[in-house]
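# Notes for the structure review
Chain by chain, the residues run as shown.
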Number of protein chains: 2
Amino acid sequence: MLENIPSDVGRAEQGLGRNRDHVRQHNLSTILTLLHREGALSRSVLTQRTSLNRSTISDLVSELESLGLATEAPTVSGGGAGRPSILVRPSDSVVAFAVAIDIDAISVAAIGLSGHKISLKKRRTPDAPAVGTAVVVIRDLISQLKSELGAGIRIAGVGVAVPGQVRQEDGLVRQADFLNWREAHLAERLENEINLPVFIDNDARLGLRAEHEFGSGRDLTDVVYLIGRSAGVGGGAIVGGRPLSGTSGYGGDLGLIRISEGPLIQLSGHPGTLADLIQRDELLDATSLSDADDPTLLDYVRDHPSSRIRRVITAQVDALALGISSLINLFNPQAVILAGYLSILHALDAERLRERISLSALSHSLDDVHIIAVPVSSSRLLIGAAELPFGPLLNAPGVFTFRNPTSLRAISD
Amino acid sequence: MLENIPSDVGRAEQGLGRNRDHVRQHNLSTILTLLHREGALSRSVLTQRTSLNRSTISDLVSELESLGLATEAPTVSGGGAGRPSILVRPSDSVVAFAVAIDIDAISVAAIGLSGHKISLKKRRTPDAPAVGTAVVVIRDLISQLKSELGAGIRIAGVGVAVPGQVRQEDGLVRQADFLNWREAHLAERLENEINLPVFIDNDARLGLRAEHEFGSGRDLTDVVYLIGRSAGVGGGAIVGGRPLSGTSGYGGDLGLIRISEGPLIQLSGHPGTLADLIQRDELLDATSLSDADDPTLLDYVRDHPSSRIRRVITAQVDALALGISSLINLFNPQAVILAGYLSILHALDAERLRERISLSALSHSLDDVHIIAVPVSSSRLLIGAAELPFGPLLNAPGVFTFRNPTSLRAISD
DNA sequence: CATATTTGTTGTCTGTGGCAACATATAGTC
DNA sequence: GACTATATGTTGCCACAGACAACAAATATG
């Protein structure tokens with residue numbers, strides 16, 4: 001009864017040809033995706049954005065409504081002369097569960113199709129959780145969320161953010177050093193447990209995805225993303241509007257970019273790379289703090305200047321600049337987004353960072369790029385994770401089938 | 001009368017929606033592109049590959065024929081039972097001119113729509129040509145080729161390979177150090193001269209393009225490409241089936257990947273990068289050769305081992321390995337293609353290269369990748385360049401208009 | 001209250017691909 | 001060599017998505 005992994009509808013097309021059904025699916029998908037990204041749009045705006053005919057939009061929207069994927073709000077006036085247009089919004093009776101697995105906690109959120117968080121559950125774990133523990137915790141939290149949501153809610157699936165290398169085709173966690181996981185069949189086990197399609201991806205890439213679709217990377221086609229988190233420096237890239245994932249899904253881990261030769265012996269980490277040379281703990285050790293979240297750390301460092309702290313920051317900023325300039329040369333992006341701990345480094349010495357970057361980046365590519373620092377909120381990451389199960393739905397709204405909700409309800413009993 | 005740059009039909013779509021015409025264009029494009037890539041295909045194969053109906057294929061093919069873009073060869077038998085299928089081939093009465101500008105020569109070739117070279121003209125230049133010189137030489141060679149081709153030939157346009165950074169939107173050569181060009185309006189000037197749509201791109205990227213569409217990178221979705229040429233180390237990447245180009249087109253120059261810190265002062269080159277640390281001349285200097293092409297150099301080095309040569313090779317192989325491993329970690333590709341001088345390095349010590357790569361690449365990504373060395377032939381590069389003008393034709397065969405051929409004929413008079 | 005403007009709705013039309021039946025051409029078998 | 005099985009091209013008809021035009025509805029402006 002269970003299928004191993006949901007067929008990712010509409011992702012890989014069978015044939016190269018296109019027929020009428022494809023057109024319909026494409027247009028439904030386009031509209032629903034627009035609504036999902038923007039939250040709500042009037043029909044007239046949809047007409048403009050898609051350059052489809054008014055009557056076609058009308059038809060498509062009513063199909064989305066009958067599919068229960070969109071609802072119409074009463075007309076909104078005040079937009080100038082003429083008949084006011086009907087507002088269409090994605091239905092928040094369709095949700096996805098987003099999961100973030102961190103070293104010390106597991107969070108699960110219900111995210112509505114409009115891209116907004118509906119509710120959140122978080123459970124702290126004493127240590128990095130084992131795979132089995134994670135499965136149980138996730139199942140419980142989802143079960144709680146589900147009963148809170150009540151009936152009449154349809155669930156697209158579950159998306160999980162893991163700090164490690166994940167094989168995309170089956171959601172196998174190949175290696176997650178900070179969790180001490182190897183070859184963990186998380187997707188499969190979770191799917192057996194909760195009977196929902198489960199997708200897994202690297203957390204940094206999901207952070208980028210959220211940033212790209214809803215945050216400061218909106219509407220950009222080429223983005224480089226670097227994030228400093230408890231589990232080291234990670235990264236991702238948007239290339240030509242699409243995420244860089246590589247053949248199996250290990251690609252785009254830009255924290256692994258090399259900036260110095262490093263020892264040529266394979267250690268546990270990756271010597272000579274950005275991830276190796278920028279360690280949050282190094283700065284933390286230079287303070288008298290034992291543990292601190294990013295805002296606390298930033299405040300402390302600002303209030304307690306010392307030459308040791310200064311040295312650490314300078315060295316890390318320089319390393320970051322070398323990495324970023326190399327990435328700018330490789331990707332010629334519109335933006336470099338720094339998140340988490342790296343945005344702290346940016347806040348501490350943006351000027352030096354900029355200077356150092358311009359020393360070794362191509363001037364033409366440099367002209368195109370904006371360096372953007374964003375604080376990382378765990379909810380951003382969760383929103384990115386929810387995009388995973390929403391993907392198949394958004395790609396083919398007409399043929400997507402929600403998985404058996406009755407057997408789901410049984411879990412919470 | 002002249003338009004500045006041909007509108008790249010079908011590249012950037014106006015609206016997100018899709019209607020009937022889009023379907024037709026898409027299917028025509030799909031079929032013509034398949035024919036272009038494969039050289040010739042039977043109708044039945046087209047049916048299978050596109051998963052369109054036989055009758056539809058029949059209709060589409062006859063439209064391509066009436067557009068003069070495809071011809072039908074007599075049926076070919078011997079393929080098992082059943083009525084033999086009609087072979088369809090791209091019409092070689094449609095050609096593109098491909099230009100390669102090198103330090104010491106300019107080559108122009110006529111490439112047929114089937115992707116095969118029809119004829120080639122090469123003119124040596126004493127030094128790196130100035131822009132004006134290049135324009136004149138190219139015009140003359142094209143004019144010669146055109147008169148050889150005779151009447152009844154339609155020309156899709158001109159594609160130029162330049163060793164430097166090229167802005168894609170208008171073909172402005174921003175910087176080509178080895179030619180001593182800055183902000184050279186090559187496309188515009190050439191277009192005024194010969195009244196054909198002119199496209200320009202970085203030569204390494206075009207080498208990759210040829211390799212990806214016709215060579216050892218066929219059917220791969222993620223490829224990393226590095227080429228050693230007279231004008232230093234260049235590179236390119238295919239990400240998710242599409243070329244990595246960045247916002248303005250400077251992206252993908254993988255020769256600029258950093259492998260050591262290098263001096264932090266901006267010199268003329270890019271210290272610490274692959275392009276900086278792998279210099280063909282360094283090996284050449286270690287020999288008694290004054291000048292040599294790649295095969296000659298390889299033979300010499302094999303026949304005259306010396307400790308100095310050995311040192312140079314080892315250092316360069318190690319540098320290459322560091323660069324490649326970093327790229328493997330970033331891109332998780334199916335193949336790393338080494339071309340030109342780099343394929344010599346590979347030939348000289350493939351084992352050490354492999355070993356060194358596996359020291360610093362992620363094991364999971366390493367499992368996916370093949371290291372492939374190809375000799376670089378200038379014709380490969382030209383075939384890549386021809387893809388530029390073929391692009392708009394292949395993307396929208398139904399609406400592509402060939403530019404006024406009468407004024408063209410006037411040139412050769 | 002009249003007019004201009006914009007948008008939603010409805011019915012009709014166009015054109016593209018699907019489909020089924022038939023025609024055609026080969027290989028294999030007796 | 002005739003017959004059968006198989007595969008492909010051809011033809012006429014159909015289904016259906018989106019375009020279009022005419023009309024209705026709802027607002028702003030004077």
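So, here's what we can say about the structure. Numbering of residues starts from 1 in every chain and runs along the sequence as written. By the order in which they are written, chains take letters starting at A while ligands take numbers starting at 1. Restriction of local features to residues with pLDDT of at least 70 applies here, the model being predicted, together with a cutoff of 80 or more for giving and counting side-chain atom pairs; totals for whole chains, interfaces and linings are based on all residues. As a convention, hydrogens and water are excluded, and side-chain values are obtained from all of the structure's heavy atoms.

## Structural notes on the interface of chain B and chain A
- On the side of chain A, 58 residues touch chain B, which itself brings 59 residues to the contact.
- Accessible area that two parts lose when put together, with a 1.4 Å probe and added across both, is what the buried area reports. Between chain B and chain A, roughly 5,200 Å² of surface is buried when both sides are summed, and carbon and sulfur atoms account for 55% of that area.
- Basic side-chain nitrogens of Lys or Arg form a salt bridge, by our definition, when they fall within 4 Å of a carboxyl oxygen of Asp or Glu. The interface formed by chain B and chain A holds zero salt bridges in total.
- Pairs of N or O atoms within 3.5 Å make up the polar contacts considered here, provided that, within protein, one atom can donate a hydrogen while the other can accept it, and that residues adjacent in sequence are counted only when both atoms are side-chain atoms. There are 22 residue pairs in polar contact (both at pLDDT 80 or more) connecting chain B and chain A.
- Per element, the largest residue contribution to the side of chain B that touches chain A is seven residues, and it comes from helix 10 (residues 307-331) of chain B.
- Amino acids outside the nonpolar list (Ala, Val, Leu, Ile, Met, Phe, Trp, Tyr, Cys, Pro) and the charged list (Asp, Glu, Lys, Arg) are all regarded as polar, and Gly is one of them. For the side of chain B that touches chain A, the residue count by class is 20 nonpolar, 28 polar and eleven charged. Residue contacts follow a heavy-atom distance rule, with two residues in contact if any of their heavy atoms lie within 4.5 Å. Secondary structure is summarised from DSSP: a helix means a run of H or I of at least four residues, a strand means a run of E of at least two, and numbering begins at the N terminus for each.

## Considering the protein's contact with DNA strand C
- Neighbouring residues are identified by heavy atoms, a residue being near a molecule or strand if any of them is within 4 Å of it. Contacts to DNA strand C come from 28 residues, most closely from A:Arg43, A:Arg83, A:Ser85, B:Arg24 and B:Ser55.
- Atoms of DNA strand C within 4 Å of the protein belong to the sugar or the phosphate in 62% of instances, the rest to bases.
- For DNA strand C, a phosphate oxygen lies 2.5 Å from a polar atom in the side chain of A:Arg43.
- B:Arg24 is positioned with one of its side-chain polar atoms (N or O) 2.3 Å from a phosphate oxygen of DNA strand C.
- If one sorts the elements of the surface near DNA strand C by residue count, helix 1 (residues 20-38) of chain B sits on top with four residues.

## A closer look at the relation of the copies chain B and chain A
- Take chain B, turn it by 180 degrees, move it 0.0 Å along the axis, and it overlays chain A with an RMSD of 0.1 Å. Both copies are brought into coincidence by an operation consistent with a two-fold rotation axis. Minimal C-alpha separation from the rotation axis in chain B is found for B:Ser260, amounting to 2.0 Å.
- The residues that chain B uses at the interface reappear at the interface of chain A in 98% of cases, marking a shared surface. In this comparison the copies share one frame, found by least squares on the C-alpha atoms of residues holding pLDDT of at least 70 in both.

## Some thoughts on a negative patch on the surface
Residues and elements named next belong to chain B.
- The patches reported here contain residues having more than 30% relative accessible area and no salt bridge. Joining distances are 9 Å for like charges and 5 Å for nonpolar side chains (Val, Leu, Ile, Met, Phe, Trp, Tyr). Each accessible area is a Shrake-Rupley estimate made with a 1.4 Å probe; only the visible protein chains count as cover when residues are assessed. Here the positive residues are Lys and Arg and the negative ones are Asp and Glu; neither His nor the chain ends is included. Think of each charge as sitting on NZ of Lys, CZ of Arg, CG of Asp or CD of Glu. Together, Asp281, Glu282, Asp285, Asp291 and Asp293 make up a negatively charged patch on the protein surface.
- Within the secondary structure layout, Asp281 lies in helix 8 (residues 280-285).
- Buried means the residue's accessible area, taken with a 1.4 Å probe over protein chains only, is under 20% of the maximum for its type, while exposed means over 50%, and partly exposed covers the values in between. Residue Asp281 is classed as partly exposed on the basis of its relative accessible area, which comes to 48%.

## Things to note about the protein's contact with DNA strand D
- Taken together, 29 residues surround DNA strand D, and among them A:Arg24, A:Asn27, A:Ser55, B:Arg43 and B:Ser85 come closest.
- The sugar-phosphate backbone supplies 63% of the atoms of DNA strand D found within 4 Å of the protein.
- In the model, a phosphate oxygen of DNA strand D is placed 2.6 Å from a nitrogen or oxygen of the A:Arg24 side chain.
- Here a base nitrogen of DNA strand D and a backbone polar atom of B:Arg83 are 3.0 Å apart.

## Here we look at the side chain of B:Ser119
- Note that B:Ser119 resides in strand 6 (residues 117-124).
- Residues in contact with B:Ser119, not counting those within four places in the same chain, are B:Val108, B:Ala109, B:Ala110, B:Leu145 and B:Glu148.

## Focus: the sheet that holds strand 13 (residues 232-239) of chain B
Residue and element names in this part refer to chain B.
- Spatially, five strands are ordered 14-13-12-15-16 in an open sheet, and the strand pairing comes out mixed. Because the sheet does not close on itself, it has two edges, and the strands there are strand 14 (242-243) and strand 16 (370-374).
- Strand pairing is defined by DSSP finding a minimum of two bridges between the two strands. Where strand 15 (residues 335-340) meets strand 16, five bridges bridge the pair, whose relative direction is parallel. Bridge pairing in strand 16 places Ala339 opposite Val374.
- Comment: axis = line fitted to C-alpha atoms, over the contacting stretch for helices; angle = value between 0 and 180 degrees taken between N-to-C directions. On top of the sheet, helix 6 (residues 203-214) reaches strand 12 (223-229), strand 13, strand 15 and strand 16; it is set at about 125 degrees to strand 12, its chief contact.

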